[in-house]
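Each chain, written out:
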Amino acid sequence: MNEASIISGLLFFVTLISMIMVIFMKESSSENPNSTISSAPFWVNIIWVVVTYLPFKIRKIIYSFVLILLTILFGYLFVSTL
């Protein structure tokens, strides 16, 4: 087992756990819809603000879709580096 396999396996399990957490995520009333990420590039802040104005169910679908794609990618990398 080499370093690439260990890192891709770790990333796979982190995204898998994150996906499970997003599936069971509940809507929070304390969210600030105008917040930005201070250390992120300008285009990331624009995407972040646009996504925070979307309804909760749409946001949850977007988060789930992105995490599913990342989980598949890291899972493939993990299996291919074994």
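Provided above is the structure to which this section pertains.
Our subject in this report is the structure included herewith. Being a predicted model, the structure only gives us computed values, none of them experimental.

## Quick notes on a nonpolar patch on the surface
Phase 1 of the analysis: Side chains of I58, I61, I62, F65, V66, L69, L70, L73, Y76 and L77 sit close together on the surface and give an oily, nonpolar patch of about 900 Å² of accessible area.
Phase 2 of the analysis: Within the element layout of this structure, L70 appears in helix α3 (residues 56–80).
Phase 3 of the analysis: For L70, a relative accessible area of 32% translates into the label partly exposed.

## Overview of the packing of helix α1 (residues 3–23) against α3
Phase 1 of the analysis: Close contact between α1 and α3 brings their axes to 8 Å; oriented N to C, the two are set at 155°. The angle between the axes of α1 and α3 places the two elements in the roughly antiparallel class. Remark: the crossing between α1 and α3 carries left-handed chirality. Residue-level inspection shows S5, S8, G9, L11, F12, T15, L16, S18, M19, V22 and I23 of α1 in contact with α3, the latter providing K60, Y63, S64, L67, I68, L70, T71, F74, G75, L77 and F78.
Phase 2 of the analysis: Here the contact of α1 with α3 is composed, by residue class, of 13 nonpolar, eight polar and one charged.

Here is what the cut-offs are and how they apply
- Residues numbered from 1 in each chain as written.
- Predicted model: local features only at pLDDT ≥ 70, side-chain atom pairs only at ≥ 80, totals over all residues.
- Heavy atoms only, no water.
- Patch = residues over 30% accessible without salt bridge, like charges linked within 9 Å, V, L, I, M, F, W, Y side chains within 5 Å.
- Areas by Shrake-Rupley, 256 points an atom, 1.4 Å probe, with all protein chains shown as cover.
- Salt bridge = Lys/Arg side-chain N within 4 Å of Asp/Glu carboxyl O.
- Helix = DSSP H or I, 4+ residues; strand = E, 2+ residues; numbered from the N terminus.
- Buried < 20%, exposed > 50% of the residue type's maximum accessible area, 1.4 Å probe, protein only.
- Axes fitted to C-alpha atoms, helices over the stretch in contact; angles between N-to-C directions.
- Parallel < 35°, antiparallel > 145°, perpendicular 65-115°, else oblique.
- Left-handed = near helix turned anticlockwise from the far one by under 90°.
- Contact = heavy atoms within 4.5 Å.
- Nonpolar A, V, L, I, M, F, W, Y, C, P; charged D, E, K, R; others polar.

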